[in-house]
Protein chains: 2
Amino acid sequence: MENGRDGMTTARTDETAGLGLRPLYVQVREKLLRRLVDGVWAPGDILPSEMQLAAELGVSQGTVRKALDAMAAENLVVRKQGRGTFVARHDDERIMFQFFRLKPDAGERKFPDSTILSTGTFPASAEERRVLGLDPGARVIRIERLRSIGGLPAIVETVILPAGIFGALQGMELPNNLYGLFAVNFGVVIMRSTERLKAVAASAQEAKLLSLAPGAPVLQISRIAYSLENQPVEWRISTCTSEGFHYSVDLR
Amino acid sequence: MENGRDGMTTARTDETAGLGLRPLYVQVREKLLRRLVDGVWAPGDILPSEMQLAAELGVSQGTVRKALDAMAAENLVVRKQGRGTFVARHDDERIMFQFFRLKPDAGERKFPDSTILSTGTFPASAEERRVLGLDPGARVIRIERLRSIGGLPAIVETVILPAGIFGALQGMELPNNLYGLFAVNFGVVIMRSTERLKAVAASAQEAKLLSLAPGAPVLQISRIAYSLENQPVEWRISTCTSEGFHYSVDLR
DNA sequence: AAGTGGTCTAGACCACCTC
DNA sequence: AGGTGGTCTAGACCACTTC
């Protein structure tokens, strides 16, 4: 493919046209990301080999490698020596380590069960529209659930989703791991999230659900989850007991 | 330098001896890390160029580059195009973004002031010995301080340090940014930390210092900070108001 | 002009996996 | 045996900084 990049023997024909001054491997990363977003490759699929991608895109293997290494560092793909490069799966194990930061004070980390308390579709509040970037008049799905860890109630959670994206979710059987459902049924892949934590007093209802005294201090986690396109697609408010559990972060 | 690695023209003489089967760039990274630990290069110093390091260590420039890229990703060094590679500084700005996660609910992020409440040296408790990996009979320095953000009291903090390392700190003027002091005066560079968060009820003393009602819910952050050698060297318990502030994390 | 890190290519060998 | 990603080298050009 003639694209003006031919390595060390020839002068570079500077026809990268317009704003094409970003590094080649960044452009390759964006092309591959675009295919992920468009669902050309689904989670768990194997990607073409580095050599094949290099030939197809008209760049060297090393450039494809640098793009894939960057995507692996972002948890978008998984590289397996001798096998190939795969689109990252949103299996429970991965979600557990990447997004679920609540751990027992002692003992093994466990994944929580979920009991749905209520679901429904409502006009989005002003704050919901602001957080999720929705237009006036937009609607949202609200899911309330109680999550238990090791049989003990630990988290009361409200999940808020744009009805415009997830409307078909109403009436579905809701799995414990929502992000897996988002990926498989809606093509929405959660790439990253931001969380804001506060200590608050438990409301009467929260205290009852969590077997705490009313007004007991609880961790309130407000999470905004972003898709591959970097759009906010979920707002989740989790109220967590601090009795026997803590929120764990590594800073480096 | 004859080390059995000579690239593409000759078969590899597998004399890497014993357990030397780790990648070359990992070994280079460890050699460079050793020099950082030993204080051969101080924070802010410029490192030799990639070419010089490559010649000195008997590897190619590309291998040195991969080691330095890894160290840059770990925040150990900073690379500046056209200038050189520098040992990371522990200036306030960097600490603020890397370790200080408390942000105002609205407005700009600010760095807190500190007022020392008390300091002293004590026999380490059993828990302090466990957390910091100290021998029986070891002593610790305890520093209590009140930190204010924008003039408002926000954090009551206890810092626990092994007296065996930081004994000379007693009597020093304590700066706001302790990690800078650790690096400059004790050669202890904080590389990473782990934090555990809980919601608890403020004690009478904490409530008074933070201008809260007794029993008000507050964020309790337990941080263990690790040196370059990956040894725990500080245990810090911060009690933070949730009135107007939140703890912020990015998960990716 | 000289030196540094950043990008890109090309080709070799190695370790691992599948068939 | 053949294919894949992982490591290592070598050399070119580019962008940026400093003199």
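Small disclaimer: the values here were computed from a predicted structure and weren't measured. (Residues numbered from 1 in each chain as written. Chains lettered and ligands numbered in written order. Predicted model: local features only at pLDDT ≥ 70, side-chain atom pairs only at ≥ 80, totals over all residues. Heavy atoms only, no water.)

Engineer: Is there a simple way to think about the UniProt feature "domain: HTH gntR-type" (unreviewed entry) in chain A in this case?
Structural biologist: Per the UniProt entry, the sites bearing "domain: HTH gntR-type" (unreviewed entry) are residues 22-90 of chain A in this numbering. For residues 22-90 of chain A, the helix share is 51%, the strand share is 12%, and the end-to-end C-alpha distance is 31 Å. (UniProt positions renumbered as here; feature names shortened; annotations may be inferred. Helix = DSSP H or I, 4+ residues; strand = E, 2+ residues; numbered from the N terminus.)

Engineer: Would you take a moment to explain the protein's contact with DNA strand C for this structure?
Structural biologist: Neighbouring DNA strand C are 23 residues; Leu24, Ser60, Thr63 and Lys66 of chain A together with Arg65 of chain B lie closest to it. Across the atoms of DNA strand C situated within 4 Å of the protein, the share located in sugar and phosphate is 81%. In the model, a sugar or linking oxygen of DNA strand C is placed 3.4 Å from a nitrogen or oxygen of the Gln81 of chain B side chain. In the environment of DNA strand C, a base nitrogen lies 3.0 Å from a nitrogen or oxygen atom belonging to the backbone of Gly82 of chain B. At the level of elements, α1 (24-37) and α3 (61-73) of chain A together with α2 (50-57), β1 (77-80) and β2 (84-87) of chain B are the ones that each hand at least two residues to the surface near DNA strand C. (Near = heavy atom within 4 Å. Polar contact = N/O pair within 3.5 Å; in protein donor to acceptor, adjacent residues only side chain to side chain.)

Engineer: Quick question: what am I supposed to make of the protein's contact with DNA strand D here?
Structural biologist: Looking at DNA strand D, there are 23 residues lining it, with Arg65 of chain A together with Leu24, Ser60, Thr63 and Lys66 of chain B nearest. For DNA strand D, the backbone portion of the atoms within 4 Å of the protein, that is sugar and phosphate, comes to 81%. Separating a base nitrogen of DNA strand D from a side-chain N or O atom of Arg65 of chain A is a distance of 3.2 Å. For DNA strand D, a phosphate oxygen lies 2.2 Å from a polar atom in the side chain of Thr63 of chain B. Elements that contribute at least two residues to the surface near DNA strand D include exactly α2 (50-57), β1 (77-80) and β2 (84-87) of chain A together with α1 (24-37) and α3 (61-73) of chain B. Taken together, the residues of the surface near DNA strand D break down into 5 nonpolar, 11 polar and 7 charged. (Nonpolar A, V, L, I, M, F, W, Y, C, P; charged D, E, K, R; others polar.)

Engineer: Looking at this structure, I do not really get the domain arrangement of chain A. What am I missing?
Structural biologist: Interface size, as often reported, equals the accessible area lost upon joining of the parts. Residues and elements named next belong to chain A. Under the domain assignment, chain A is made up of domain 1 (2-87) and domain 2 (101-247). Using only C-alpha atoms to locate each centre, domain 1 and domain 2 end up separated by 35 Å. Contacts between the two partners involve 5 residues from domain 1 and, on the opposite side, 4 residues from domain 2. In total, domain 1 and domain 2 occlude about 440 Å² of area from one another, counting both sides; carbon and sulfur atoms represent 77% of this. Interface area lost by domain 1 to domain 2 is led by Val37, Pro43 and Leu76, which between them contribute 66%. (Domains from an automatic or database assignment. Contact = heavy atoms within 4.5 Å. Buried area = accessible area lost by both parts, 1.4 Å probe.)

Engineer: I keep staring at the relation of the copies chain B and chain A and nothing clicks. Help me out?
Structural biologist: Mapping between the two copies of the chain is achieved by a rotation about an axis and a shift along the axis. Once chain B has been moved 0.0 Å along the axis and rotated by 180°, it coincides with chain A to within an RMSD of 0.0 Å. Between the two chains, the operation in question is that of a two-fold axis. Most of the interface of chain B is mirrored in chain A, where 100% of its interface residues again form contacts. (Least-squares fit on C-alpha atoms with pLDDT ≥ 70 in both.)

Engineer: For this particular structure, what's the right way to read the sheet that holds strand β5 (residues 139-149) of chain B?
Structural biologist: Strand pairing within a sheet occurs via backbone hydrogen bonds; the two strands may be parallel or antiparallel. Pairing in this open sheet of 8 strands is antiparallel, and the strands run β3(A)-β10(A)-β7(B)-β8(B)-β9(B)-β6(B)-β5(B)-β4(B) from one edge to the other. Sheet topology places β3 (102-104) of chain A together with β4 (113-123) of chain B at the edges, where each strand pairs with a single neighbour. Going from strand to strand, the sheet's axes swing by 25° on average, the running direction of each strand aside. Two strands pair when backbone bridges link them, and β5 of chain B and strand β6 (residues 152-162) of chain B are joined in this way by 10 bridges, in the antiparallel orientation. Each residue of the ladder has a partner; that of Arg147 of chain B, found in β6 of chain B, is Ile155 of chain B. (Pairing = 2+ DSSP bridges. Axes fitted to C-alpha atoms, helices over the stretch in contact; angles between N-to-C directions.)

Engineer: Can you help me understand the packing of aromatic side chains in this one?
Structural biologist: When we look at a pair of aromatic rings, we describe it by the centre distance and by the angle of the planes. Under the criterion given, the structure shown has 10 aromatic pairs over all chains. Aromatic pair Phe166 of chain A and Phe182 of chain A: ring centres 4.5 Å apart, planes at 40°, arrangement tilted. Within this pair, whereas Phe166 of chain A is found in helix α6 (residues 163-166), its partner Phe182 of chain A is found in helix α7 (residues 178-186), the two being separated by 16 residues in sequence. Exposure remark for Phe182 of chain A: the relative accessible area of 0% places this residue in the buried category. With 5.7 Å between their ring centres and 40° between their planes, Tyr179 of chain B and Phe182 of chain B make a pair best called tilted. With Tyr179 of chain B and Phe182 of chain B both in helix α7 (residues 178-186) and 3 residues apart, the pair spans about one turn of that helix. Over the ring of Tyr25 of chain A we find Lys66 of chain A, and its NZ or CZ is 4.6 Å from the ring centre. (Phe/Tyr/Trp six-rings, centres within 6.5 Å; stacked < 30°, edge-to-face > 60°. Buried < 20%, exposed > 50% of the residue type's maximum accessible area, 1.4 Å probe, protein only. Lys NZ or Arg CZ within 6 Å of the ring centre and 35° of its normal.)

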